[in-house]
Amino acid sequence: QVQLVESGGGLVQAGGSLRLSCAASGRTFSSYGMGWFRQAPGKEREFVGAISWSGGNTYYADSVKGRFTISRDNAKNTVYLQMNSLKLEDTAVYYCAARIGRHYYLSGNDYDYDYWGQGTQVTVSS
């Protein structure tokens, strides 16, 4: 079992920055990859980015590439999502997810992830 708790969401103006954190517990953090997803009202959940178990590889959705950065600190059992140059369309509930195993490739499919956090709201205002 893995427990995930997101934090850091809030209200920010367009063009601003926000950093989300996701604290994990329950299994050896360095044994699994992590992903971030988001869901806006009335829309399906979408992939934001992923990071390998070691932190050496990352993968981003085109919509956030160059603006968002995922990192992890295995000593703190925490993964981060640094969001810069935020846009109105980034408004959503953001979820972190754990994908058990040291997989060779990073996945943008939510069905590949085994555990999910409860989500944190990010609202970008004009």
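Up top you'll find the structure we're talking about.
Each value, and the rule that gives it
By convention here, each chain's residues receive numbers from 1 onward along its written sequence. In keeping with the model being predicted, local features are shown solely for residues with a pLDDT of at least 70 and side-chain atom pairs are shown and tallied solely at 80 or more, while totals for entire chains, interfaces and linings include all residues. Computation of side-chain values covers all heavy atoms of the structure but excludes hydrogens and water. In DSSP terms, a helix is any run of H or I states spanning at least four residues, a strand is any run of E spanning at least two, and both are numbered starting from the N terminus. Here a polar contact means two N or O atoms within 3.5 Å. Within protein one must be a hydrogen donor candidate and the other an acceptor candidate, and residues neighboring in sequence count only if both atoms are side-chain atoms. Note on contacts: a residue pair is in contact if any heavy atoms of the two residues lie within 4.5 Å. A strand pair is defined by DSSP finding two or more bridges across the two strands. To get an axis, fit a line to the C-alpha atoms, keeping to the stretch in contact for a helix; angles then go from 0 to 180 degrees between the N-to-C directions. Throughout, disulfides are identified as pairs of cysteine sulfur atoms within 2.5 Å of each other.

Draft legend 1. A look at the side chain of serine 107. As for its position among the elements, serine 107 is in the loop between β9 (92–100) and β10 (115–116). Within the local environment of serine 107, its side chain forms a polar contact with the side chain of aspartate 112, the two groups lying 2.6 Å apart. What serine 107 contacts, discounting residues up to four positions off in sequence, is Phe47, Ala50, Tyr59, Arg99, Asp112 and Tyr113.

Draft legend 2. Region of interest: the sheet that holds strand β7 (residues 68–73). Strand order in the open sheet formed by 4 strands is β1-β3-β8-β7, with antiparallel pairing between adjacent strands. The outermost strands of the open sheet, each flanked by one partner alone, are β1 (3–7) and β7. Within the sheet, the average angular offset between the axes of one strand and its neighbour, ignoring direction, is 15 degrees. Strand direction decides the pairing type here: β1 and strand β3 (residues 18–25), joined by 5 bridges, are antiparallel. What sits directly across from glutamate 6, in β3, is cysteine 22.

Draft legend 3. Geometry of the state of the cysteines. Under the definition given, this model contains 1 disulfide. Across a sulfur-sulfur distance of 2.0 Å, cysteine 22 and cysteine 96 are joined as a disulfide pair. Disulfide cysteine 22 to cysteine 96: torsion about the S-S bond roughly 55 degrees, handedness right-handed. One end of the pair, cysteine 22, is in strand β3; the other, cysteine 96, is in strand β9, with 74 residues separating them in the sequence.

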